[in-house]
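Structure assessment
Listed below, chain by chain, are the residues.
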Amino acid sequence: MLTVRAPATSANLGSGFDVFGAALTRPADVVRVERAPETTIEVTGVGAQYVPTDPAENTAGVVARELDAPAHIRIDKGVRPSSGLGSSAASAAGAAVALNELYDCGLSDEELVWLAAEGEAVVSGDAHADNVAPSILGGFTIVTDDGITTMDADLPVVVCLPETVVSTRDARGVVPRSVEMNEMVETVGNASTLVAGMCRDDPELVGRGLTDPVVTPARADLVDGYEAVEEAAREAGATGVTISGAGPGVLAVCRHRGQRRDVASAIVGAFAEAGVDAQAYQTEIGDGAEISR
Ligand code: HSE
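Presented here is an overview of the structure given in this document. Computed from a predicted structure; not experimentally measured.

1. Side note on the overall build of the chain
Per the secondary structure count, the chain includes 10 helices and 11 strands. Relative to a compact globule of 293 residues, whose C-alpha radius of gyration would be 19 Å, the chain shows 18 Å and is just as compact. Excluding contacts between residues fewer than 6 apart, the proportion of contacts in the chain whose partners are at least 24 apart in sequence is 74%. Within the structure as shown, the chain displays about 12100 Å² of accessible surface, and the carbon and sulfur contribution to it stands at 45%. Charged side chains in the chain number 20 positive and 44 negative. The centres of these two groups are separated by 5 Å.

Here you go:
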């Protein structure tokens, strides 16, 4: 029996659609694996009823199949499904790290990222790695077809999950197929600013770099109350706000840890005014998946 804690992640960070991601210190999934003649999956925890236990439809099951590592996999969900916090990715990442160790497969962390991304393809229809990369590697990650760049970052954030559901497939369906040149220029500027901010642990630059003229505006209508939430978070001191991953979660960058409580309550309050219950996590950028025995 082997246990891995795999963290929630926030993908995109506004200007880095399908490229940027960050591991969060909380919440997390806990994945336990045990050798077995064939793969079976058991799911408990938050939103467990929405997670398929058929190994062919579960991200962790697909990872076991791809690794040729059959196991009884127990997933204790801390990351709510369809929240925008990389829930299916956390399970895939946890399973990849755990099964690699259990069967002594010897895959590198980067190889595990691409493997876990195959699991992601099952739920989103696309093998993108912007959630699994930070869940395995930790910190802030930049994923391109040519490789993965990681860096540690010290950044206090609030993520807030409204009690609404947005499927990744639907959220990808509203993304524009093309962009104007001025939008591309703005996006490159903001993404570059964000990376500089991560390098310097500068929440002002990261907050500014979250601004995205293309994908976030197209998705905002899918998140009830998003505009009011963004305004409330900024009034409470957040340096920037965006939709976390495909939504409906939102992410706000704070100037310092002590500010998170005010930002969290401003966001929860704004969602409440829009008639939506929401749960906020005061968190920060943290480590990737960790094995414990
Ligand atoms: N980059 C992806 C998206 C993350 O925004 O659709 C969701 O899995």
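Don't stop here, the text continues.
2. A look at the site of the ligand
Near the ligand the following residues occur: Ala11, Asn12, Phe17, Asp18, His128, Asp130, Asn131, Thr168, Arg172, Arg219, Gly245 and Ala246. In this structure, Asn12 approaches the ligand through a side-chain N or O atom, which is 2.7 Å from an oxygen atom. Within the contact set of the ligand, a nitrogen atom lies 2.5 Å away from a side-chain nitrogen or oxygen of Asp18. For the ligand, whose unbound accessible area comes to 260 Å², protein coverage reaches 95%. Taken together, the residues of the shell around the ligand break down into 3 nonpolar, 5 polar and 4 charged.

How each quantity is defined
Residues numbered from 1 in each chain as written. Predicted model: local features only at pLDDT ≥ 70, side-chain atom pairs only at ≥ 80, totals over all residues. Heavy atoms only, no water. Helix = DSSP H or I, 4+ residues; strand = E, 2+ residues; numbered from the N terminus. Rg over C-alpha atoms; globule rule 2.2 N^0.38 Å. Contact = heavy atoms within 4.5 Å. Areas by Shrake-Rupley, 256 points an atom, 1.4 Å probe, with all protein chains shown as cover. Lys, Arg positive; Asp, Glu negative; His and termini not counted. Charge placed at Lys NZ, Arg CZ, Asp CG, Glu CD. Near = heavy atom within 4 Å. Polar contact = N/O pair within 3.5 Å; in protein donor to acceptor, adjacent residues only side chain to side chain. Nonpolar A, V, L, I, M, F, W, Y, C, P; charged D, E, K, R; others polar.

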